[in-house]
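# Summary of the model geometry
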Amino acid sequence: MNKLRRGFIQIIIALTIISLVDFGATTAQEIPNEDIHVPTAAYRWLDVMLEASAREVERIGARPTILSRQMGITVTAMYDAWAAYDGKAVGTMLGGKLRRPTGERTNENKEKAIAYAMFRSCLDQFPDFEEYLNGEMQKMGYDPMEKSEDLTTPSGIGNHVARILIEYRHHDGANQLGDEQGSIGQPYSDYTMYRPVNPNDKIIDPDRWQRIPFAKKDGGSFYPDFLTPHWYRVKPFALESGDQFRPGPPPFYGSEQLKKEVDECIELNASLNPEEKAIVEFMRDGPRSTAQSGHWLKFSQVVSRRDKNNLDTDVKLFFAIGNIEMDAFIASWDSKRYYDSSRPWSLVRYYYMGKMIKGWAGPGKGVLDIPAEKWHPYSPVTFRTPPFPGYVSGHSCASGAAAEMLKLFTGSDKCRFVEHRHAGEITEEGFSCLEMQQLDGRPLSEIVGDEHASCDIILPIPTFSGAAEMAGISRVMGGYHIQADNVAGLKLGRDVAKFSWPKYQKYFNGTATIEHGLGNSWDNPTR
């Protein structure tokens, strides 16, 4: 890899540390005076939804597109229920038609309406966890069997807005019910007849995506299909269409740029230090990952604690972040489907077939000379590389969008967070830092000295933009993407947020025009 580019990556990390000194960062666990922060009802219900989504990932695996929509729907139901008890804001489905008299606009009524809206929408999105959701309702003092839609009551409003939103979203192109023409009848299944150009065992076109083998926990392997290749057809919240900001093409095989970026992936893979491994794992999330949508909603919760948000602000913040993530995934999937581009896994093998290269040799083995056919991202064998095309990076797009939205919403780019990690805890569990950082069988202590052999890492995150940059570069360092995927993804996400923010403001100040629900009057794409 070009030394200048590696130096640039190190500069990003160094500037983050310098910014930490300048701004005086705090952690999610060390927000000043956090002991006096009382979570709002919106915050508590976001916790419930995120727990349900984590259980969903444990049950069926990470599905970032689906998770983003599940989160977007539930926070929209929350917002619509709350808006009925606000003096200015309008709902996304019925505008101001549900607005209650001034005397009823109490926190108690807002909380109750939010509870029923979140409960009903979560039941629809996470039906396997009804018992858990019922229990959370009861803990908060509400009756989960209350199904009235009496619009003079907060429970009725919550139930009503959830129902009409759910009905609207059941046929938004996601195929949640598995009833789209051309699908196989399973929820969220493809109905656009996508087929990969490359077979599993060889590369016909290096510019096109190829299925990648995952190891089964009980032995053997399998080849996951492209996750939700139809997602470009899902109706966005604020965007006019998924292809509205579609980027230009990625670098193609035969270009100098692509070769350099593949070599960069190889170089990074063979030289990850503990800090870089910690960044890769932090942004990849763990076994109970809630994907980037959940990751950034958790960031927004830290903002809530930092700023001591009231209920109204939390509702609007979570609504904005949840929906901008949903739109970012729709936009990034439009690009993935349109370009159908390859991943480093396939490109490294194609460029260096039959040759030896330096690469990460697996948990506790460090870096060795390995055949190109054995090259492996810094990831468990059970999830080698996300099962969908590379361009653009969904992580980068979602992070660019959420970071930009947080900056616009709060009026500042400063976040001043710190993340404490132990490098390798997800990918190389059970191995010491010395074992993880071996090079050609030599322990780290022989290479850099014992004083550098700690895998306890502090990751300062002084700005939202910096967090997005960290998320993006983590995907290149991890070996999941080339730089072009990252750079275009960050820009796409930021473009989505900048375009969308005025629409959110109109909902908040009551000037939004409601035509066919959710702020969009255009029909679902038919391509």
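See the structure printed just above.
Here goes a summary of the coordinates provided. (Residues numbered from 1 in each chain as written. Predicted model: local features only at pLDDT ≥ 70, side-chain atom pairs only at ≥ 80, totals over all residues. Heavy atoms only, no water.)

Evaluation of the coordinates by the stated rule reveals 1 disulfide. Disulfide pairing places Cys433 opposite Cys455 at an S-S distance of 2.0 Å. Between Cys433 and Cys455, the disulfide has an S-S torsion of 75° and is therefore right-handed. Residue Cys433 is located in helix 13 (residues 433–436), and its partner Cys455 is located in the loop between helix 14 (444–447) and strand 6 (456–463); the two are separated by 22 residues in the primary sequence. Classification of Cys433 by relative accessible area gives buried; the value is 9%. (Disulfide = S-S within 2.5 Å. Helix = DSSP H or I, 4+ residues; strand = E, 2+ residues; numbered from the N terminus. Buried < 20%, exposed > 50% of the residue type's maximum accessible area, 1.4 Å probe, protein only.)

With respect to the helices and strands, Glu281 occurs in helix 8 (residues 274–284). The exposure class of Glu281 is buried, given its relative accessible area of 0%. Among the polar contacts listed, one links the side chain of Glu281 to the backbone nitrogen of Gly424, at a separation of 2.8 Å. In this structure Glu281 touches Tyr378, Arg421, His422, Ala423, Gly424, Glu425, Ile426, Thr427 and Glu428, once residues within four positions along its chain are discounted. (Polar contact = N/O pair within 3.5 Å; in protein donor to acceptor, adjacent residues only side chain to side chain. Contact = heavy atoms within 4.5 Å.)

Right, let's talk about the environment of Met477 for a bit. Relative to the elements of secondary structure, Met477 occurs in helix 15 (residues 464–477). C-alpha separation for the pair Met477 and Glu267, spaced 210 residues apart in sequence, amounts to 9.0 Å.

A word on the packing of aromatic side chains. The description of an aromatic ring pair uses the distance of the two centres, along with the angle that the planes make with each other. Per the counting criterion, the structure on display carries 31 aromatic pairs. Consider the rings of Tyr188 and Trp231, whose centres lie 6.5 Å apart with planes at 45°: the pair is tilted. Taken together, the residues span a long stretch of sequence, with Tyr188 in the loop between helix 6 (154–169) and strand 1 (214–215) and Trp231 in the loop between strand 2 (221–222) and helix 7 (256–269) at a distance of 43 residues. Across the pair, exposure class does not vary: Tyr188 and Trp231 are buried alike. Between Phe409 and Phe508, the ring centres sit 6.4 Å apart and the planes meet at 85°, which makes this aromatic pair edge-to-face. Of this pair, Phe409 sits in helix 12 (residues 394–410) while Phe508 is found in helix 16 (residues 483–509), placing the two residues 99 residues apart along the sequence. (Phe/Tyr/Trp six-rings, centres within 6.5 Å; stacked < 30°, edge-to-face > 60°.)

Next up on the list: helix 5 (residues 130–139). Listing the buried residues of helix 5 in full gives Tyr132, Leu133, Asn134, Glu136 and Met137. Of the residues one or two after helix 5, Gly141 is the one with positive phi, at around 90°.

Turning next to the packing of helix 2 (residues 41–60) against helix 4 (residues 107–125). Remark: helix 2 packs on helix 4, axes separated minimally by 10 Å, with the N-to-C direction vectors making an angle of 15°. Relative to helix 4, helix 2 is oriented roughly parallel. The two elements helix 2 and helix 4 cross, and the hand of that crossing is right-handed. Facing Ala41, Trp45, Leu46 and Met49 of helix 2, the residues of helix 4 in contact are Glu111, Ile114, Ala115, Met118, Phe119 and Cys122. A class-by-class count of the residues in the contact of helix 2 with helix 4 yields 9 nonpolar, no polar and 1 charged. (Axes fitted to C-alpha atoms, helices over the stretch in contact; angles between N-to-C directions. Parallel < 35°, antiparallel > 145°, perpendicular 65-115°, else oblique. Left-handed = near helix turned anticlockwise from the far one by under 90°. Nonpolar A, V, L, I, M, F, W, Y, C, P; charged D, E, K, R; others polar.)

Of the consecutive residues Tyr391 and Val392, the connecting peptide bond is found in the cis state with omega at 5°. Here Val392 shows up in the loop between strand 4 (367–371) and helix 12. Its identity as a non-glycine residue notwithstanding, Asp340 has a phi of 50°, on the positive side. Residue placement: Asp340 occurs in the loop between helix 10 (311–339) and helix 11 (344–352). Using a relative accessible area of 2% as the deciding quantity, one classes Asp340 as buried.

So, on to the nonpolar core. In terms of nonpolar packing, the biggest core is built from 126 residues, with Trp45, Met49, Tyr79 and Tyr504 touching the most fellow members. Considering every element that reaches this core, the biggest residue donor is helix 10, with 15 residues. What Tyr504 contacts, discounting residues up to four positions off in sequence, is Phe237, Ala238, Phe319, Ala320, Asn323, Ile324 and Met405. Within the second largest apolar cluster, 14 residues are counted, among which are Ile73, Ala113, Ala117 and Tyr168. (Core = buried A, V, L, I, M, F, W, Y, C linked by side-chain atoms within 4.5 Å.)

Take it as geometry only, folks, not as evidence of what the structure does.
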